[in-house]
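# Results of the structural survey
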Amino acid sequence: MKEIRKGMLLVISGPSGAGKGTLVSKLLDKDPSFAFSVSVTTRGRRENEIEDVHYHFISEAEYDKLLSEDAFLEHASVHGHRYGTLKSEVYERMEKGQNVLLDIDPQGARAVMEKEKDCVSVFILPPTYRDLKVRLHTRNTEGEEEIQRRLNNARGEIEQMSRYRYLVVNDDLELAFDQLAAIVRAEKQNSVRYFPEIEEE
Ligand code: ADP
Ligand code: 5GP
């Protein structure tokens, strides 16, 4: 049997601290059909982050240049910094049949959902607001003021969850990952991107 597959655009979003990054890296480890779309950002690099792996860290001027060149599939100001998904990270791969994964904020996710109707959007939720707060503190990558800003944004973001095709509550990590993996498995067979060619014999 011959088959053709178009690439899937998987959009993972949710409030900061819900566990998007954790679930995304697990999926990338376990499913080599996915490529991570490395975003550009004007925020500073954290100690554990690798240039061009986690982000392309760029200056405000470089960001403005990319904007003027219409290089972004979507872009947004998130918690006081600018982030953008480069078209070049997404479309060339999808045309080759590769699946592409975006970890982006809800404003960006909304823009992608409007432009790319067949994208698979998944919103990651924390079990409680308290867990969100605890996770942001234990991650220990932001100061108190920044954590408060992210927590304040979370409520409005969570109100918009019904815009997404799928919802995953990340309470038990293994269970949440199983749910994400099940979504991916099913969406690989979706007839918008899977074209088996049935031969005579
Ligand atoms: P996001 O990318 O959504 O901002 P992270 O993946 O960085 O969130 O997760 C935030 C923190 O919560 C990290 O310290 C991570 O290890 C932790 N975490 C992720 N998932 C769980 C979970 N299911 N239970 C407890 N802690 C979790
Ligand atoms: P962080 O600074 O913690 O890495 O990310 C902050 C937020 O920005 C997260 O919600 C993350 O998903 C989001 N983000 C990362 N890259 C992009 C991007 O290219 N576009 C948009 N809109 N959001 C992004």
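Check the entry above for the structure.
Rules used in this analysis
- Residues numbered from 1 in each chain as written.
- Chains lettered and ligands numbered in written order.
- Predicted model: local features only at pLDDT ≥ 70, side-chain atom pairs only at ≥ 80, totals over all residues.
- Heavy atoms only, no water.
- Helix = DSSP H or I, 4+ residues; strand = E, 2+ residues; numbered from the N terminus.
- Rg over C-alpha atoms; globule rule 2.2 N^0.38 Å.
- Buried < 20%, exposed > 50% of the residue type's maximum accessible area, 1.4 Å probe, protein only.
- Contact = heavy atoms within 4.5 Å.
- Areas by Shrake-Rupley, 256 points an atom, 1.4 Å probe, with all protein chains shown as cover.
- Lys, Arg positive; Asp, Glu negative; His and termini not counted.
- Charge placed at Lys NZ, Arg CZ, Asp CG, Glu CD.
- Core = buried A, V, L, I, M, F, W, Y, C linked by side-chain atoms within 4.5 Å.
- Near = heavy atom within 4 Å.
- Polar contact = N/O pair within 3.5 Å; in protein donor to acceptor, adjacent residues only side chain to side chain.
- Nonpolar A, V, L, I, M, F, W, Y, C, P; charged D, E, K, R; others polar.
- Pairing = 2+ DSSP bridges.
- Axes fitted to C-alpha atoms, helices over the stretch in contact; angles between N-to-C directions.

Before going further, it helps to spend a moment on the overall build of the chain. When you go through the chain residue by residue, the secondary structure sums to seven helices and 11 strands. In terms of C-alpha radius of gyration, the chain reaches 17 Å, essentially the compact-globule figure of 17 Å for 201 residues. Taken over the C-alpha atoms alone, the chain extends approximately 65 × 40 × 30 Å along its principal axes. When burial is assessed residue by residue, the chain has 45% of its 201 residues classed as buried. Restricting to contacts in the chain with at least 6 residues of sequence separation, those with at least 24 account for 69%. As displayed, the chain has an accessible area near 11,100 Å², and 49% of this comes from carbon and sulfur atoms. The positive charge centre, built from 29 side chains, and the negative charge centre, built from 37, are 3 Å apart in the chain.

Glancing now at the nonpolar core. Residues Leu 10, Ile 12, Leu 27, Phe 34, Leu 101, Val 122 and Ile 124 are the most contacted members of the largest nonpolar core, which totals 23 residues. Of all the elements in the fold, those that place two or more residues in this core are strand E2 (9-13), helix H1 (20-30), strand E9 (120-125), helix H5 (129-139), helix H6 (144-159) and helix H7 (173-188). The element contributing the most residues to this core is H7, with five residues. Within the second largest apolar cluster, 16 residues are counted, among which are Leu 9, Val 90, Val 100 and Tyr 164.

Turning our attention to the site of ligand 1. In the neighbourhood of ligand 1, 13 residues make up the surrounding shell, with Gly 17, Gly 21, Thr 22, Arg 139 and Asn 170 lying closest. Gly 17 places a polar main-chain atom, nitrogen or oxygen, 2.7 Å from an oxygen atom of ligand 1. Across the complex, the protein chains shield 73% of the 570 Å² of accessible surface that ligand 1 would expose by itself. Elements with a minimum of two residues in the shell around ligand 1: H1 and H5. Among the elements that line the shell around ligand 1, the one with the most residues is H1, at three residues. Among the residues forming the shell around ligand 1, the class breakdown is three nonpolar, six polar and four charged.

Let us now look at the sheet that holds strand E10 (residues 166-169). Strand order in the open sheet made by the five strands is E3-E8-E2-E9-E10, with parallel pairing throughout. Single-partner strands in this sheet number two, and they are strand E3 (34-36) and E10. Each adjacent strand pair in this sheet contributes to an overall mean axis angle of 25 degrees, direction not counted. Two elements, E9 and E10, share four bridges in a ladder whose sense is parallel. Within E10, the residue paired with Ile 124 across the bridge is Val 168. Sitting on the sheet, helix H3 (residues 87-95) touches E2, E3 and strand E8 (99-103), and the angle it makes with E8 is about 160 degrees.

Here the focus is the side chain of Asp 31. Looking at the element boundaries, Asp 31 is found in the loop between H1 and E3. Residue Asp 31 is classed as buried on the basis of its relative accessible area, which comes to 11%. Beyond its immediate stretch of four places on either side in the chain, Asp 31 contacts Val 184 and Lys 188.

Lining the immediate surroundings of ligand 2 are 16 residues, of which Ser 39, Arg 43, Tyr 55, Tyr 83 and Asp 105 lie closest. One nitrogen or oxygen atom from the side chain of Ser 39 is found 2.6 Å from an oxygen atom belonging to ligand 2. Protein coverage of the free-state accessible area of ligand 2, which is 510 Å², stands at 95%. Looking at the shell around ligand 2, the elements with two or more residues in it are strand E6 (72-78) and strand E7 (81-86).

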